[in-house]
Amino acid sequence: MKKQPKTRWGLTSDDIAQDFAEHLKYSQDADIYHQADHARYTALALAIKDRIIHQWNKSRKTQRSSGAKRVYYLSLEFLMGRTMTNNVINLGIEGEVRDALNSLGYTFEELAELESDAGLGNGGLGRLAACFLDSLATLEMPAYGYGIRYNYGIFRQQIKGGWQVEQPDNWLRDGNPWEIMRPSIVYPVQFGGQVQVIREGGRDYFKWTGGEIVNGMAYDTPIIGYGGKTVNTLRLWSAKSPEEFNFHEFNDGDYTEAVRSKISAENLSQVLYPNDTLYMGKELRLKQQYFFVACSLADIVRRFKRENKSWRELPSHAAIQLNDTHPSLAIPELMRLLIDEEGLPWDEAWAITVNTMGYTNHTLMPEALEKWSLPMMEAILPRHTQIIFEINHRFLQQAVSHFPLQPQKLAKISIIEESNPKNIRMANLAIIGSHSTNGVAALHSELLKRSMFSEFNTIFPDRFNNKTNGITQRRWLLASNPALAALITDAIGQGWITDYQRIEDLTPYAKDASFLEQFDKVKEQNKRRAAAFLKADAQLVIDADSLFDVQVKRIHEYKRQLLNALHIVYLYNDIKGNGSLTKDMGKISFLFGGKAAPGYVNAKLIIKLIGNIGRIINADSSVNDKIAVHFMPNYRVSMAEMIIPATNLSQQISTAGTEASGTGNMKFMANGALTIGTMDGANIEIAEEAGSENMFIFGNDEQQISALRSTYNPFVEVLADPKIKEMVDLLFSGYFNVNEPNIFEPLRRSLFEEGDRYFHFADLPSYITAHHRARTLYQEQRALFNERAVLNIARSGKFSSDRTIAEYASDIWDVQRCPVERDLNGDTVLADAAKH
């Protein structure tokens with residue numbers, strides 16, 4: 001007798017096929033007449049989620065019963081990308097899912113491709129948070145991620161006439177089958193109003209009254225560790241109005257007024273703010289930050305109070321990590337809860353707060369440090385403003401002993417900036433209110449201590465530490481580059497999937513001719529896959545036989561996409577003039593991708609310039625057999641998963657001392673691209689691991705850049721090299737913008753009259769030389785190029801987010817593993833369900 005399929009928990013292909021068919025019929029109401037593609041995707045997602053739910057519940061119960069300390073990772077951004085493939089791989093059922101779909105006439109790829117990217121982040125910050133969640137679950141550490149469930153994620157980028165045009169990204173248009181709405185988990189969040197002081201028993205009590213209330217409702221997404229044992233939670237908050245509408249105004253016929261308060265409240269979680277260094281005056285942004293912090297802290301406090309423990313034990317049960325300054329209002333919010341709601345005295349509440357909080361800094365750009373206008377903060381969060389002033393007062397009393405008779409230093413470290421109007425410095429608040437402040441690469445952390453926050457390092461020398469960023473090899477190699485992953489596993493086994501240090505076992509294969517030949521075939525296969533993707537996605541025609549030279553990241557002047565563009569024009573001139581530099585050069589496809597903040601004029605001009613250069617070069621038959629230039633619109637996680645495995649040369653060319661870390665550099669390294677880059681951010685540590693001889697390092701280092709600042713003159717640099725001058729003359733002659741006069745004048749001014757802040761011309765000569773070395777090696781000694789690429793993979797073990805998280809856990813959080821046994825017994829599943 002044939003065994004009955006276990007439709008909600010079984011892991012065989014028959015079980016999954018049956019569950020998929022049932023969801024298609026009963027959850028999606030699909031039949032032969034009504035069956036949309038997205039219904040099939042949703043049915044498959046629900047069938048996979050069925051295989052997660054029980055283990056998710058078991059993980060929560062195991063963590064709760066063990067009394068394990070939890071990590072609470074607060075981030076305004078989570079750039080999750082797509083979920084389907086990652087979940088199937090981490091559950092270990094990829095083969096069964098493929099077989100199930102094949103038996104029904106579908107392929108896994110066609111359904112997985114229908115998923116929208118969850119673009120709830122701008123770039124590296126949000127993608128790092130996503131990698132950390134994967135590592136926390138795989139390492140079996142109890143954790144919650146907390147953020148906002150934006151209805152619209154990072155904008156969808158279109159290129160029209162060479163210009164970036166921002167379109168809304170309605171990623172929830174077809175629903176999100178991976179999340180579970182929790183209507184029972186709702187917290188009221190207060191804005192505005194006033195603070196009353198009540199004197200009782202010789203003590204002042206503060207009561208925050210009036211103002212506006214917005215509810216935050218939880219939406220949970222399971223985060224599955226590799227192997228399917230621990231399932232943690234990403235809890236995102238959605239803003240809801242306490243009232244659906246005003247019934248009296250509705251009856252009076254004024255529908256607009258009847259729903260106005262509902263619309264106003266729910267605007268809070270409508271849209272992700274694009275990354276922009278100028279947050280000043282953005283009231284909605286401040287409200288978003290407090291909204292998600294207040295909901296998250298209320299949730300953490302509720303969970304802790306359930307244990308009936310003393311408040312002094314909170315730091316032993318909860319580690320709250322602030323991902324940049326966006327969640328730093330958690331510090332005054334926890335103080336408010338402990339003092340105003342729970343009645344604790346200040347000193348006890350402060351000790352609990354500091355010992356619970358950790359802060360990760362992500363920038364070396366002083367102008368990018370978040371500040372809020374004091375009048376706006378007072379109007380929106382009056383009680384928190386009082387608490388911040390009290391924190392600052394007590395801190396400065398302590399700090400004066402470190403800097404006697406040095407008012408300028410005290411003014412620098414004060415939370416309150418004495419400007420007009422006064423500002424609240426959120427980074428200062430985060431450092432003062434946390435027991436740990438970490439940078440995200442060795443150079444970055446050293447510069448925080450040495451320059452940006454040197455005074456704080458004097459006061460709190462034990463608080464500063466480094467946690468070099470990492471990436472999850474499960475998404476960025478196993479899932480996104482299956483052909484290379486299979487080649488590696490055939491060579492060294494699959495231990496690298498959960499212990500990435502073991503990738504070092506690949507080292508001998510860098511000298512193995514047979515392995516190098518297979519590696520080359522995999523790279524060529526990935527290039528053809530990427531070219532097909534770009535043709536379908538953006539109608540770009542890429543020569544898959546060319547060298548793929550790729551720069552993909554947010555568009556920003558310090559990341560120096562403009563340096564790349566200057567070099568391309570330099571090569572163009574050389575080809576047109578039959579120069580020796582490009583005489584025997586094989587074809588290179590220069591691929592750019594990334595989004596510019598909507599208000600960042602120069603960044604948008606750089607996109608336009610790249611597009612114009614590409615239009616001229618790609619249409620010029622005298623050069624387009626040697627170089628092609630393409631801007632890939634709407635760069636996102638799912639595009640990165642196609643482009644990174646196909647890349648030969650990875651451009652990591654920021655001005656030394658400006659990039660905190662970078663994680664794209666790590667993804668390219670793990671996928672066998674060679675890096676051309678400066679000694680900046682994590683590039684330095686990549687060079688230490690891979691060996692600088694296996695990269696193409698150029699340019700001034702951070703100390704040299706620092707020394708240049710007082711004497712650097714871009715005019716002198718340009719005039720010193722006739723070929724560079726010729727390139728600059730052509731670039732700004734109007735040649736690339738014939739019918740668009742003077743559009744690139746702001747870029748010319750930034751390079752010359754404004755002093756070339758990011759030292760493009762100081763580094764350009766060595767960049768030209770390094771690039772020549774890279775492309776010559778690729779063209780003339782492909783086997784040696786591939787040998788170095790394989791060595792880069794073999795030496796990428798340090799750059800797993802598993803290592804980063806293990807360091808956070810031991811050095812900052814004091815969190816231990818909490819193993820959860822995987823339950824594959826269907827009878828237990830049903831019995832558990834019946835109990836609830």
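Report follows, based on the coordinates. (Residues numbered from 1 in each chain as written. Predicted model: local features only at pLDDT ≥ 70, side-chain atom pairs only at ≥ 80, totals over all residues. Heavy atoms only, no water.)

1. So, the overall build of the chain
- From N to C terminus, the chain includes 34 helices and 24 strands.
- For the chain, the C-alpha radius of gyration of 28 Å lies close to 28 Å, the compact-globule estimate for 836 residues.
- The C-alpha extent of the chain, read off along each of the three principal axes, is 90 × 85 × 60 Å.
- Taken over 836 residues, the chain has a buried fraction of 60%.
- Considering only intrachain contacts with a sequence separation of at least 6, the fraction spanning at least 24 residues in the chain is 77%.
- Element-wise, carbon and sulfur atoms account for 50% of the exposed surface of the chain, whose accessible area totals about 32,200 Å².
- In the chain, the 91 positive side-chain charges and the 101 negative ones have mean positions that sit 1 Å from each other. (Helix = DSSP H or I, 4+ residues; strand = E, 2+ residues; numbered from the N terminus. Rg over C-alpha atoms; globule rule 2.2 N^0.38 Å. Buried < 20%, exposed > 50% of the residue type's maximum accessible area, 1.4 Å probe, protein only. Contact = heavy atoms within 4.5 Å. Areas by Shrake-Rupley, 256 points an atom, 1.4 Å probe, with all protein chains shown as cover. Lys, Arg positive; Asp, Glu negative; His and termini not counted. Charge placed at Lys NZ, Arg CZ, Asp CG, Glu CD.)

2. A few points about the sheet that holds strand S22 (residues 649-652)
- Overall, parallel pairing links the six strands, which are arranged S21-S20-S19-S22-S23-S24 in an open sheet. Across the chains shown, the open sheet's two edge strands, defined by having one partner strand only, are strand S21 (627-632) and strand S24 (696-697).
- Two strands pair when backbone bridges link them, and strand S23 (residues 674-677) and S24 are joined in this way by two bridges, in the parallel orientation. Note that in S24 the partner of Ile-676 across the bridge is Phe-696.
- Set on the sheet, helix H22 (residues 561-576) makes contact with strand S19 (547-552), strand S20 (588-593), S21 and S22; between it and S20 the angle comes to about 155°. (Pairing = 2+ DSSP bridges. Axes fitted to C-alpha atoms, helices over the stretch in contact; angles between N-to-C directions.)

3. Details of the packing of helix H21 (residues 513-538) against helix H32 (residues 782-794)
- The contact between H21 and H32 brings their axes to 10 Å, and the two run at 85°. The orientation of H21 relative to H32 falls into the category roughly perpendicular. Where H21 approaches H32, its residues Phe-515, Leu-516, Phe-519, Asp-520 and Glu-524 are matched on the opposing element by Arg-782, Ala-783, Asn-786, Glu-787, Ala-789, Val-790 and Ile-793.
- For the contact of H21 with H32, the per-class residue count stands at seven nonpolar, one polar and four charged. (Parallel < 35°, antiparallel > 145°, perpendicular 65-115°, else oblique. Nonpolar A, V, L, I, M, F, W, Y, C, P; charged D, E, K, R; others polar.)

4. Describing the side chain of Arg-235
- Mapped onto the secondary structure, Arg-235 falls in strand S11 (residues 231-240).
- Leaving out residues up to four positions away in the same chain, Arg-235 has contacts with Tyr-144, Gly-145, Tyr-146, Gly-147, Arg-182, Ile-185, Ala-218, Tyr-219, Asp-220, Asp-299, Arg-302 and Arg-303.

5. Notes on the sheet that holds strand S10 (residues 212-224)
- One open sheet accounts for nine strands, arranged S7-S10-S11-S4-S1-S12-S13-S17-S18; its pairing is mixed. Every interior strand has two partners, whereas the edge strands, strand S7 (180-191) and strand S18 (464-466), have only one. Strand after strand, the sheet turns through a mean of 25° between neighbouring axes, direction not considered.
- Of the pairings in the sheet, the one linking strand S4 (residues 143-148) to S11 comprises five bridges and is parallel in character. Bridge pairing in S11 links Tyr-146 to Arg-235.
- Each of strand S12 (318-323) and strand S13 (357-360) touches helix H12 (residues 346-356); the most contacted strand, S13, lies at about 45° to it.

6. Overview of the environment of Asp-625
- Along the chain, Asp-625 falls in the loop between helix H23 (601-618) and S21.
- Residue Asp-625 is classed as partly exposed on the basis of its relative accessible area, which comes to 48%.
- Taking the C-alpha atoms as reference points, Asp-625 and Glu-688, separated by 63 residues in sequence, lie 37 Å from one another.

7. Topic: the packing of helix H31 (residues 760-780) against H32
- Between H31 and H32, the shortest axis-to-axis distance is 5 Å and the interhelical angle comes to 115°. In terms of orientation, H31 and H32 fall into the roughly perpendicular class. Across the interface between the two elements, Ala-774, Leu-777, Tyr-778 and Glu-780 from H31 touch Arg-782, Leu-784, Phe-785 and Arg-788 from H32.
- Of the residues that constitute the contact of H31 with H32, the class distribution is five nonpolar, no polar and three charged.

8. Things to note about the side chain of Gln-157
- Here Gln-157 lies in strand S5 (residues 156-160).
- By relative accessible area, Gln-157 is classed as buried at 2%.
- Only 2.8 Å separates the side chain of Gln-157 from the backbone nitrogen of Asn-634, close enough to count as a polar contact. (Polar contact = N/O pair within 3.5 Å; in protein donor to acceptor, adjacent residues only side chain to side chain.)

9. Considerations on the packing of aromatic side chains
- Going through the model one piece at a time under the given rule, you end up with 25 aromatic pairs.
- Relative to Tyr-144, the ring of Tyr-72 lies with its centre 6.0 Å away and its plane at 35°, an arrangement referred to as tilted. One end of the pair, Tyr-72, is in strand S1 (residues 70-74); the other, Tyr-144, is in strand S4, and 72 residues separate them in sequence. We note that Tyr-72, like Tyr-144, is buried. (Phe/Tyr/Trp six-rings, centres within 6.5 Å; stacked < 30°, edge-to-face > 60°.)

10. Some thoughts on the environment of Thr-507
- The topology assignment puts Thr-507 in the loop between helix H20 (482-492) and H21.
- With relative accessibility at 26%, the residue Thr-507 sits in the partly exposed group.
- Counting along the chain gives 288 residues from Thr-507 to Arg-795, while the straight-line C-alpha distance between them is 7.7 Å.
- Within the structure, Thr-507 has its side chain in polar contact with the backbone oxygen of Glu-504 (distance 2.7 Å).

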